[in-house]
Amino acid sequence: MGEESFVYTACPGWGDHEHCALKTIVRDGKIVRTEKIEYTGPEKEYGYICQKGVMSCRQPYNEDRLLYPMKRAGKRGEGKWERITWEQALDEIAEKLIAIKDEYGSAAVTHWHLPAAVPPHLGITGMLATRWNNCFGAVDPVAGVGYDNGPSYATWFQFANPMMQLVDPARFHNTELLIIWGCNPIENQQRVANAIVEAQSRGAYIVDIGLIFDGSAGKADWFVPCKPGTDAALALGMARYLIENELYDAAYMTEHTIANYLTSVFDGELVKDGQGNYLVWDLEATGPVSVAPARGEIAAARPAFTGSYEVDGVSCTPAFELLKRHAARYTPEYVEHICGVPPTDLLKLSHMYATTKPSFIVGALGLRYQNAGETYSSFYILGALTGNIGAESGGVTTALMPTCIPIMFNDKEICYPDGQENAKHLMVKQEEFVRQCRTGEPVPMKAFIKTSGNPVHNAPTRSFWLETFEKADLVVDFDIWYTDTGELADYLLPDCMPFERYDILNSADYNHVVLQEPAIEPQGEARDCTYLYTELAKRLGFGEYFDKTTEEWLAVMLDTDYPLVKFLDPPLTYERLKKEKCVRTLAPAEPLDNTNGMQFGTPTGRMEFYIPRLRPYGREIATYVEPLEVPTTDTPNEKYPYQFFSGRQRFFMQSMFTDDPVMCELSGGKPCARMNPIDAKREGLRDNDKIEVYNQRGHVIVPLRLDEAMPPGTVHVWFGWRRRQFEKGTYAELIPTVGAPETINDIAQYWWDEQTQFMKPEPQPAGGATMAVGAWDTLWDTACAVRKYEEQKEVTNG
Ligand SMILES: Nc1nc2c(c(=O)[nH]1)N[C@H]1C(S)=C(S)[C@@H](COP(=O)(O)OP(=O)(O)OC[C@H]3O[C@@H](n4cnc5c(=O)[nH]c(N)nc54)[C@H](O)[C@@H]3O)O[C@H]1N2
Ligand SMILES: Nc1nc2c(c(=O)[nH]1)N[C@H]1C(S)=C(S)[C@@H](COP(=O)(O)OP(=O)(O)OC[C@H]3O[C@@H](n4cnc5c(=O)[nH]c(N)nc54)[C@H](O)[C@@H]3O)O[C@H]1N2
Ligand code: SF4
Ligand SMILES: [Mo]
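The model shown is predicted, which means the values in this text are computed figures rather than measured ones.

1. Describing the overall build of the protein chain
Piece 1. The secondary structure content of the protein chain amounts to 25 helices and 31 strands.
Piece 2. Relative to the globule expectation of 28 Å for 798 residues, the C-alpha radius of gyration of the protein chain, 27 Å, shows essentially globular dimensions.
Piece 3. Dimensions of the protein chain, computed from C-alpha atoms along their principal axes, come out at roughly 80 × 70 × 60 Å.
Piece 4. Relative to all contacts within the protein chain whose residues are 6 or more apart in sequence, the contacts with residues 24 or more apart total 75%.

Below, the structure is given as structure tokens:
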């Protein structure tokens, strides 16, 4: 038996935002196991990995892997394939691309590269994808779609600082109260789970406000169930309690927010003096004082929070007064009516939150409803009222990417070979992409090349993709597995797994730059993306832009101006990284305080919980608005009375790990639907009945499990299972088309316009994708009905 050696690898489960590096142990040319990596410096003990990280060493050898280039032999989706050579695949694909470009222009080609899930998403794979796009000029709809929109919306308008979403869980250090709200970090975010468990064992109290009784609810000291899509009403009910009982932190509100800024009763704008300064009413001097923009000092001895005043004949009120009046509508009775949370629980929760400090609202990306922007905005209002945002061990986090110091590499040089101003890729809003696919305007969508993501599975609805691909001349899927998207492709191209290719890990979580080296030879005929892009570029006439090996690209990547890397001594050259494998940057020991000293990009320089420019939409202060489709107390749905919830699974990473029999076994062996026994009884259904979950868009046939962890009103199927693992149909048939005109609304349109205006003339570099908007996240904002499955009653679908 040979000696053991090791390399570092980006975990194949990377897409969960934990961004772990694995230590991959190799013996006799085979991977024998994966372990935690050894970091250095203050992060020495940080390299935890989870069950998926440990199991991933099996993946390269899985016999279901996509290992050879394949060409469709039967009808699209029929599952008949013919093995071909890379040469043939590349020649044919390039020939079609040239023909399509000649006839319709490059806008008839889409390059789908949702970078999140291909490890390491901020590495060379993402950069080369952007480079290729910028040479070819393909449509890039995913740079314009956030699946994770709510937190971005909230932080854009209230702080003009998207970093406010991201708080390192190391900051839960002295937290007394953690409110896990609409997320499931215990099962989904191992690093956050660690921090929560530690906080709890030193005495912190954990509340979980959720829909289903998940792992985080089980870990919590108190579970508060809330009806789906209604959390903004609950949060605003808490805000009302804080305000009416004067339990808010007035000094904090004055220092960090626009609470005291006068607003005009006439037009709702913040009132300004002749010099463009804002105004605050001083109760002591009984007159207005001016406050300079960008966080000028408030020179009032006793700034007014409430009341009405008259300045130069204009009636005005402090912004706080508007918040107070707004919150007053969220009475305990109303909250109970909307959210199903009893008044006693609202009172207990509000009082606990008002009096326990420091506290954290741990929100994440679990509120996938059209109204998510309002909900996350209401969380920040709570964090401000209690003075927690920016406080030591206090805060509000909504995106749960535990990013500490994000490392910047030399992205621009690689992504924009002719400079950013000459970027050719066509960043379109998801809505425009959907419209193009549906109507063929401005040009038909003729070719779809997917190098990252699994859109047919994850970017609903399935019928949209079936119709779109039907009209296309070319569909290419570059993946490591045979996915739901691959099933509908013309060509399948096998990528290398991270265990088989070079890259650099922007392992931001741990402030280390880590080199990924191949642990093993590529299995079968897998080839990395450098090969794919280089060979296509050659055939498409821009070969000179792809003249490097992967390792040479990595050397370019390291040539960064980012100070925490640039000033390393000795300099971080590729040779040094190759020798040391893992190098700590010059990052400070403390986790990053993303609040940046509470400096915000808003015109006032303060948190603007009141946003006059959103008045035309009725959203100037976070408001509960009904979700898109989920049935509510006020709008029940007779035809489709249940919410259809397809949230994430502990043993799967989105659609990955679903090919591992052990992970499938741990996940129950096969997919099922879960319902509360009360609902099942009403529907005349029993445990293990075969049921059809359906709506106007499609259906899925699954065995039923009765489960009290499901609240009445919700039908649940875990996200992750592939279509072919269901007996018939799949959940991706039921979900509304994300980013379609019918799921976005005028506020999303306004937000898009404002963001694109802001980003001009510089397009977003690779990885900045989700900063841009163009879709509301309505994945769980879905209504459905259930019935016992009988063959003849089946809904027709694709
Ligand atoms: N194991 C694993 N980990 C993952 C992933 C994975 O696929 N597998 N995916 C990763 C990705 S990309 C993301 S975005 C994150 C997402 O991670 P989270 O944001 O934690 O999302 P989920 O786990 O899907 O959902 C969390 C919980 O939200 C609750 N919920 C649903 N609707 C509502 C509601 O209206 N109100 C309230 N209060 N609660 C509600 C449900 O009880 C559910 O358990 O997870 C990441 N981590
Ligand atoms: N029903 C439902 N839908 C959802 C969600 C939900 O909760 N429920 N969650 C949404 C969210 S938050 C997100 S982030 C999206 C995620 O959507 P996607 O990013 O599309 O999710 P993944 O399934 O992780 O897709 C990653 C794809 O990349 C492939 N892949 C993995 N490693 C490599 C590699 O090294 N090279 C190449 N070429 N390919 C690789 C995987 O096999 C997989 O097909 O899904 C969204 N869709
Ligand atoms: S937490 Fe995510 S990235 Fe880390 S080991 Fe687990 S699956 Fe991999
Ligand atoms: Mo996500």
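2. Some thoughts on the state of the cysteines
Piece 1. Tallying each qualifying case throughout the model produces zero disulfides.
Piece 2. Looking at the unpaired Cys226, the closest cysteine sulfur is the one in Cys339, lying at 4.4 Å.
Piece 3. Looking at Cys784, it has no disulfide partner, and the nearest cysteine sulfur is the one in Cys672, 14 Å off.

3. Remarks on the site of ligand 1
Piece 1. Taken together, 34 residues form the shell around ligand 1, and within it Asn188, Asp214, Tyr369, Arg648 and Phe652 come nearest.
Piece 2. Within the complex, the protein chains bury 97% of what would otherwise be the 920 Å² of accessible surface of ligand 1.
Piece 3. Of all elements in the fold, only helix 5 (185–188) and strand 9 (205–210) reach the threshold of two or more residues within the shell around ligand 1.
Piece 4. Its residues assigned to classes, the shell around ligand 1 shows 14 nonpolar, twelve polar and eight charged.

4. Notes on the sheet that holds strand 11 (residues 262–264)
Piece 1. Strand order in the open sheet made by the three strands is 11-15-14, with antiparallel pairing throughout. The open sheet has two free edges, formed respectively by strand 11 and strand 14 (309–311), since each of these has just one partner strand. The sheet shows a mean angle of 50° between the axes of neighbouring strands, taken without regard to direction.
Piece 2. Strands strand 11 and strand 15 (314–318) of the sheet are contacted by helix 10 (residues 319–328), whose axis makes an angle of about 70° with strand 15.

5. Examining the nonpolar core
Piece 1. Within the largest apolar cluster, 147 residues are counted, with the highest numbers of intra-cluster contacts made by Trp181, Leu385, Phe609 and Val693.
Piece 2. Broken down by element, this core gets its largest block of residues, nine residues, from helix 8 (residues 231–244).
Piece 3. Sequence-distant contacts of Trp181, defined by excluding residues within four places in its chain, comprise Ile209, Asp231, Leu234, Ala235, Met238, Ile361, Val362, Gly363, Ala364, Phe379 and Leu382.
Piece 4. Judged by nonpolar contacts, the second largest core, of 56 residues, contains Ala94, Ala138, Ala537 and Leu558.

6. What about the layout of surface pockets?
Piece 1. Each pocket or cavity is described by its volume, and for the second largest pocket that value is around 530 Å³.
Piece 2. Forming the boundary of the second largest pocket are 24 residues, of which Tyr46, Pro169, Ala170, Arg171 and His173 lie nearest the centre.
Piece 3. Across the lining of the second largest pocket, the residue classes break down as twelve nonpolar, four polar and eight charged.

7. Regarding the sheet that holds strand 16 (residues 359–363)
Piece 1. Spatially, the five strands line up as an open sheet ordered 10-9-8-16-17, and their pairing is parallel. The open sheet has two free edges, formed respectively by strand 10 (222–225) and strand 17 (395–397), since each of these has just one partner strand. Averaged over neighbouring strand pairs, the angle between their axes works out to 15° when direction is ignored.
Piece 2. The sheet contact formed by strand 16 and strand 17 spans three bridges and is parallel. Counterpart to Val362 in the pairing with strand 17 is Thr397.
Piece 3. Relative to strand 8 (residues 177–181), helix 8 is tilted by about 155°, and along the sheet it contacts strand 8 and strand 9.

8. Some points on the packing of aromatic side chains
Piece 1. Counting across every chain of the model gives 41 aromatic pairs.
Piece 2. Note on Phe157 and Tyr750: the rings are 6.3 Å apart at their centroids and 15° apart in plane angle, and the pair reads as stacked. Here Phe157, found in helix 4 (residues 149–159), pairs with Tyr750, found in helix 25 (residues 746–759); they are 593 residues apart in sequence, far enough to count as distant.
Piece 3. Residue Phe157 is classed as buried on the basis of its relative accessible area, which comes to 1%.
Piece 4. Seen in terms of ring centroids, Tyr533 and Phe546 are 6.4 Å apart; in terms of plane orientation they differ by 40°. Their pairing is tilted. With Tyr533 in helix 19 (residues 529–540) and Phe546 in the loop between helix 19 and helix 20 (550–558), this residue pair connects regions lying 13 residues apart in the sequence.
Piece 5. The buried category is assigned to Phe546, whose relative accessible area is 3%.

9. A few points about the site of ligand 3
Piece 1. Near ligand 3 the following residues occur: Cys11, Gly13, Asp16, Glu18, Cys20, Ile49, Cys50, Lys52, Gly53 and Gln190.
Piece 2. The residue makeup of the shell around ligand 3, split by class, is four nonpolar, three polar and three charged.

10. Section: the packing of helix 3 (residues 124–136) against helix 20
Piece 1. Packing of helix 3 against helix 20 leaves a shortest axis separation of 11 Å and a crossing angle of 95°. In terms of orientation, helix 3 and helix 20 fall into the roughly perpendicular class. For the pair formed by helix 3 and helix 20, the contact residues are Ile124, Met127, Leu128 and Arg131 on the first element and Thr550, Trp553, Leu554 and Met557 on the second.
Piece 2. Classifying every residue of the contact of helix 3 with helix 20 gives six nonpolar, one polar and one charged.

11. Quick word on the pairing of strand 15
For a regular strand, the rule is simple: side chains alternate between the two faces of the sheet.
Piece 1. Note that strand 11 and strand 15 share three bridges and pair antiparallel. Bridge pairing in strand 15 places Leu262 opposite Pro318.
Piece 2. Note that strand 14 and strand 15 share three bridges and pair antiparallel. Bridge pairing in strand 15 places Tyr309 opposite Cys316.
Piece 3. Where strand 14 folds back onto strand 15 in an antiparallel hairpin, the turn is made up of two residues, including Asp312, whose phi is positive at roughly 45°.

12. Details of the pattern of salt bridges
Piece 1. Under the defined criterion, the tally for this structure stands at 46 salt bridges.
Piece 2. Arg33 is paired through a salt bridge with Glu35; the nearest N and O atoms lie 2.7 Å apart.
Piece 3. Relative accessible area serves as the criterion here: at 31%, Arg33 is assigned to the partly exposed category.
Piece 4. With a closest N to O distance of 3.8 Å, Glu517 and Lys578 form a salt bridge. In this pair, Glu517 sits in the loop between strand 23 (512–516) and helix 19 while Lys578 sits in helix 22 (residues 574–580), placing the two residues 61 residues apart along the sequence.
Piece 5. Judged by its relative accessible area of 11%, Glu517 falls in the buried class.
Piece 6. With relative accessibility at 30%, the residue Lys578 sits in the partly exposed group.
Piece 7. In the salt-bridge network here, residues are joined through shared partners; they are Glu87, Asp91, Glu535, Lys538 and Arg539.

13. Some points on the packing of helix 8 against helix 11 (residues 332–339)
Piece 1. Interaxial distance between helix 8 and helix 11 falls to 9 Å at its minimum, and their mutual angle equals 165°. Here helix 11 runs roughly antiparallel to helix 8, going by the angle between their axes. Of the two possible hands of crossing, helix 8 and helix 11 adopt the one that is left-handed. On the side of helix 8, the interface is formed by Ala233, Leu234, Gly237 and Arg240, while helix 11 contributes Pro332, Val335, Ile338 and Cys339.

14. A closer look at helix 8
Piece 1. Between the first and last C-alpha of helix 8 there are 20 Å, a value that for 14 residues agrees with the 20 Å anticipated at 1.5 Å per step.
Piece 2. The buried fraction of helix 8 is high, at twelve of 14 residues.
Piece 3. Restricting attention to buried positions, one finds in helix 8 the residues Asp231, Ala232, Ala233, Leu234, Ala235, Leu236, Gly237, Met238, Ala239, Tyr241, Leu242 and Ile243.
Piece 4. Taken together, the buried residues of helix 8 touch strand 8, strand 9, helix 10, helix 11, helix 12 (343–355) and helix 13 (372–385).
Piece 5. At the C-terminal side of helix 8, Glu246 shows a positive phi close to 50°.

15. Concerning helix 15 (residues 430–439)
Piece 1. Listing the buried residues of helix 15 in full gives Gln430, Glu431, Phe433, Val434, Gln436 and Cys437.
Piece 2. Of the residues trailing helix 15, Gly440 is marked for its positive phi of about 80°.

16. Considering unusual backbone geometry
Piece 1. Cis geometry marks the peptide bond from Pro460 to Thr461; its omega dihedral reads 0°.
Piece 2. Within the secondary structure layout, Thr461 lies in the loop between helix 16 (455–458) and helix 17 (462–471).
Piece 3. For His19, which is not glycine, the phi dihedral falls at a positive 55°.
Piece 4. Secondary-structure assignment places His19 in the loop between strand 1 (4–10) and strand 2 (21–27).
Piece 5. A relative accessible area of 8% means that His19 is categorised as buried.
Piece 6. Phi is positive for Ala160, which is not a glycine, with a value near 50°.

Cut-off values and rules
- Residues numbered from 1 in each chain as written.
- Chains lettered and ligands numbered in written order.
- Predicted model: local features only at pLDDT ≥ 70, side-chain atom pairs only at ≥ 80, totals over all residues.
- Heavy atoms only, no water.
- Helix = DSSP H or I, 4+ residues; strand = E, 2+ residues; numbered from the N terminus.
- Rg over C-alpha atoms; globule rule 2.2 N^0.38 Å.
- Contact = heavy atoms within 4.5 Å.
- Disulfide = S-S within 2.5 Å.
- Near = heavy atom within 4 Å.
- Areas by Shrake-Rupley, 256 points an atom, 1.4 Å probe, with all protein chains shown as cover.
- Nonpolar A, V, L, I, M, F, W, Y, C, P; charged D, E, K, R; others polar.
- Pairing = 2+ DSSP bridges.
- Axes fitted to C-alpha atoms, helices over the stretch in contact; angles between N-to-C directions.
- Core = buried A, V, L, I, M, F, W, Y, C linked by side-chain atoms within 4.5 Å.
- Buried < 20%, exposed > 50% of the residue type's maximum accessible area, 1.4 Å probe, protein only.
- 1 Å grid on protein atoms, 1.4 Å probe; cavity = no way out; pocket = protein on both sides within 12 Å on 5 of 7 lines; lining within 4 Å.
- Points joined across faces, edges and corners; volume = space filled by probe spheres on them.
- Phe/Tyr/Trp six-rings, centres within 6.5 Å; stacked < 30°, edge-to-face > 60°.
- Parallel < 35°, antiparallel > 145°, perpendicular 65-115°, else oblique.
- Salt bridge = Lys/Arg side-chain N within 4 Å of Asp/Glu carboxyl O.
- Left-handed = near helix turned anticlockwise from the far one by under 90°.
- Expected span 1.5 Å × (residues − 1).

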